[in-house]
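Single-letter residue listing:
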Amino acid sequence: MEKTYNPSAIEQQWYQQWEHNNYFAPSGEGTPYSIVIPPPNVTGSLHMGHAFQDTIMDALTRFKRMQGHDTLWQVGTDHAGIATQMLVERKIQAEEGKTRHDLGRDKFLKKVWEWKAESGGTITQQLRRMGASVDWSRERFTMDDGFYTAVQEAFVRLYDDGLIYRGKRLVNWDPKLHTAISDLEVESIDEKGYLWHLRYPLAGGATTDDGKNFLVVATTRPETMLGDAAVAVHPKDERYKHLIGQFIKLPLVGRLIPIIADDYVDQEFGTGCVKITPAHDFNDYTMGQRHDLGMINVFDHDAAIVQVPEVYTTSGEVVAAHEESIPAAYRGLDRFVAREQIVTDLTAAGLLEEIEDHGLKVPRGDRSGLIIEPLLTDQWFVSTKPLAKPAIEAVEDGRIEFVPKQWENTYFSWMRDIQDWCISRQLWWGHRIPAWHDDDGAFYVGRSEAEVRLKHKLGDINLKQDEDVLDTWFSSGLWTFGTLGWPNSTEALAKYHPTDVLVTGFDIIFFWVARMIMMTMHLTKDETGEAQVPFKTVYVHGLVRDQDGEKMSKSKGNVIDPLDLIDGIELDALLEKRTGNMMQPQLAKKIEKQTLKHFPDGIASYGTDALRFTLCSLASTGRDIKLDLGRIEGNRNFCNKIWNATNYVLMNCEAGDCGQTGGEVELSLADRWIRSRLQKAEQKVTESMGVYRFDHAAEALYHFIWSEYCDWYLELSKPVLWDDNATEAQLRGTRRTLVGVLEAVLRLAHPLMPYITEEIWQKLKGLAGKGGASIMLQPYPVADAGLIDETAEVDLNWVRGVIDGVRNIRGEMNIAPGKPIPVLLKQGDTADRQRLNTNSQFLIKLAKLESITWLEEDDEAPLSATSLVGGLEVLVPMAGLIDKDAELGRLNKELGRLLGEIKRLGGKLSNEKFVSKAPAQVIDKERDKLRDAETAANKLQQKVAKIEAI
RNA sequence: AGGACUAUAGCUCAGUUGGUUAGAGCGCAUCGUUGACAUCGAUGAGGUCGGCGAUUCGAAUUCGCCUAGUCCUACCA
């Protein structure tokens, strides 16, 4: 074996073998267990969040596979409508200087598919490097033909069930991307703005109480005044009560608009008068509905002022002959240019009362970053309330369970107040909406044009398919069953749906989890006709952040490619990766500086297993996961530790008989102890995996392997293996334990660290008497309660106690670690005596003793340094070895600790209330502790006195 | 405005149903190269568990209030 573990030498080769031999495909035997991968963007690349998520899914999948389940991890990618379209648009712009409109829809889409073919392999390669045991034969893409069938079918069924409708509504419009987006895709950002106080002249000679001939309205968006339909006041507002029903002559425009009364108005805010623009504000829209105000749209799709405003009734009908118009000066101006112009003109007209600084939440598109414009457009919507009801119930009654549980509240609070979902997007890349319209604008929904014609007896009239595509999340909502063949009733669907667990981040509970539950429950039924849930458990993990707790993002330049942690990367390459090809080149300097600070030498190579193990060990219940390179390094060292332990085991066992073929076996205390500890480790790991505490599983493995198997058991095996007088049965027992425990723990660790465990297992399987082509197909260890040996554990703890005592004296007294020293044991009981008799070889070897002597009660001990193991005194004679003052210091330190404890326990036990109210066993325990502490303190005091006396 | 989450060693984090000497890794200090491993070993230092109060015989753990930070939802003309 190589002297150090070199992950790059083994990882890829094993993955190829696994994949080549089709080990990832479901076995077809055992209870089905399935997970779908949250499909990453096909044109993107995996970031740390994916690496984290995929590690967890793979750990679960391998765990369940080894436990004998018929395991499917469904893999695939998402077409990611807006993100992909933007990316390709930018690419074409950069390379050819053209827009998508220059190319036209068909050519543009061809470019997207070309780009997908070119970049689509990145994700799948990364998944392979992570060791993901996904069934590649079932790989799906949300835009492939089969999946499109599912999307179409879902749309048609929802439409036929009255859950999809089309209408002219106010939607969130992105003026850059020229598409509607859902409310979830809008972020509200705190920004500084102004509140403009505008004088709106009263018509017909009306005046306010204080004799003014105008009302003052406050607005953050003066440009929308062109579309004002009313001014609203509170019905009980004494200042304005008498003006309700009167009219305002809209400045600059000249139109008369009514003064209306509505509870929505807050009398305290601003002047208590609100301008109402139903076509450009969500609140105004609903107020317009209540008061039957017309809707006057003054913006075009670029959010520039239109030439001629469009006017609609509250129900969205076009008002054919309307007189509204826009002053020529503003026509065609961008919204912000128009704002300035209008403010200037109002000022000139003496109608600007005041400009007030005002902080407000600005709605920005999460993709474009532009301010979103509420705009009246024709869109398709899903009526979500009826879908939400069963979806809420499924979580309430536990058919679906969130882990950690608290996320259910997040889910409920959103679902109980859910808004209709705008699913149409004015994009080119995506699933074309399966709806056709005739020349009069009547829409027909169906699976194909032919079906539509037939169904509606349309003959051969002109039909055109809707130009729009569906929100990406509409298709990903079908992911769990669409990937399994739905709408066909396939065997896979019957077997693997509902899936067992969804592993995802909390940031997409609304986007994806909730919608998936709604869609799935409406569209899929089990054999009894009951709605089927998409998954039984939702494991919600935290988000991976950088060393400062910042979210990783490309624009911040703090992303880390998982492959760079696996393979390592030079500083120059890392800098280039982070600052090259940036959207905002002005940030390059800052990013460079940060990168230099955090990664002055680039990133070392840690290997996949170290990365995976680290990610698992960070997977606790928190919301943030700060990536700490120190942890990864530590875990790379852990891999190396396993590697070298194996080296030791092989060296000592390959030449000898490990009992594979039988033969008499005698187990030492150490053998029985480590076997017992193994059972407990198996219990702990299995239990932790079952409750999604990967951090606990990782910690149990780390502790068992490093602190018990390596630190103690391997050391304890040496006195046996190197003992010329050891019997064949003893040697066989120890060798068999060395090999057997290591073999078992490799299987135990395999779900977290697949590569190193496979590599080593292959070397070890023969010695362990195991066959089988791969560790990943081996059974997962099951703890055997019969092998738990509490006596062995107590006895071994005694051995460790004596050794620790000697080592402590050595360490504190500056006795060279290699110098053999004599040790005396005194005041021991029969159990101590017996333990000494059976284990003296262990003590001599591990504590590097020259001799070990048992003193009877009345034997005189020389002046010694002392350690206590229970009642037993472990004595190291001081002659020539130990500094008197140092020993006094050491003893007094320990004595101080004991006295503190005695005081604390004494106080507790003399507390009447404690003694009368606490459970008996607690009291007994405290009494024992007190007695032990007193005995120990006593002994130490005597020692102190003795040493002081010289 | 409502809600959620976080606060434990210098750093990153564990801490089950209240009873532990409050743990781990990294970092730090001292010592250590003949037999798996310096990507290592041995020993050690380091915490009034954010603050205040309550419940209790007993609180890192339960409850209330406060402070700091993060996030979500709604809304601010």
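Preceding block: the structure.
Residues numbered from 1 in each chain as written. Chains lettered and ligands numbered in written order. Predicted model: local features only at pLDDT ≥ 70, side-chain atom pairs only at ≥ 80, totals over all residues. Heavy atoms only, no water.

Caption draft 1: Quick peek at the sheet that holds strand β7 (residues 186-201). Taken together, 3 strands build an open sheet; the order of strands is β8-β7-β15 and the sheet is antiparallel. Only two strands of the sheet have a single partner each, and these edge strands are β8 (214-219) and β15 (352-365). Sheet twist, expressed as the mean angle between neighbouring strand axes with direction ignored, is 20 degrees. Bridge analysis of β7 against β15 gives 13 bridges, and the strand direction is antiparallel. Its bridge partner lying in β15, H197 is registered against E354. (Pairing = 2+ DSSP bridges. Helix = DSSP H or I, 4+ residues; strand = E, 2+ residues; numbered from the N terminus. Axes fitted to C-alpha atoms, helices over the stretch in contact; angles between N-to-C directions.)

Caption draft 2: Spotlight on the side chain of T757. Within the secondary structure, T757 sits in helix α24 (residues 754-764). The class of T757 is buried, set by a relative accessible area of 2%. Looking at T757, its side chain comes within polar contact range of the main-chain oxygen of P754, at 2.9 Å. Those residues within four positions of T757 in sequence are excluded, and the remaining contacts are L746, A749, H750 and I775. (Buried < 20%, exposed > 50% of the residue type's maximum accessible area, 1.4 Å probe, protein only. Polar contact = N/O pair within 3.5 Å; in protein donor to acceptor, adjacent residues only side chain to side chain. Contact = heavy atoms within 4.5 Å.)

Caption draft 3: Highlighting the protein's contact with RNA strand B. Surveying the vicinity of RNA strand B reveals 58 residues, the closest of which are A218, T219, V274, N283 and K361. Note that a base oxygen of RNA strand B is positioned 3.0 Å from one of the side-chain N or O atoms of K641. E715 places a polar side-chain atom, nitrogen or oxygen, 3.2 Å from a base nitrogen of RNA strand B. Counting residues per element, the ones that place at least two in the surface near RNA strand B are β8, β15, α20 (629-653), α22 (694-721), α25 (790-813), α27 (884-909), α28 (912-917) and α29 (920-949). (Near = heavy atom within 4 Å.)

Caption draft 4: Representation of helix α26 (residues 830-846) within the structure. End to end, α26 covers 23 Å across 17 residues, agreeing with the expected 24 Å (1.5 Å per residue, within 8%). The largest bend along α26 measures about 75 degrees and falls at N839. By the burial criterion, the buried members of α26 are D832, R835, L836, N839, S840, F842, L843 and L846. Considering only its buried residues, α26 is in contact with α21 (669-690), α22, α25, β28 (821-826), β29 (849-854) and β31 (872-877). (Expected span 1.5 Å × (residues − 1). Bend = angle between axes of the 7 residues up to and from the residue.)

Caption draft 5: Molecular detail of the sheet that holds strand β9 (residues 230-233). Strands sit in the order β10-β11-β9-β12 across an open sheet of 4 strands; the sheet is mixed. Two strands in the sheet have a free side with no partner beyond their single neighbour: β10 (247-249) and β12 (274-276). Recorded for the sheet is a direction-independent mean angle of 35 degrees between the axes of neighbouring strands. Of the pairings in the sheet, the one linking β10 to strand β11 (residues 256-261) comprises 3 bridges and is antiparallel in character. Bridging from a neighbouring strand, K249 pairs with L256 of β11.

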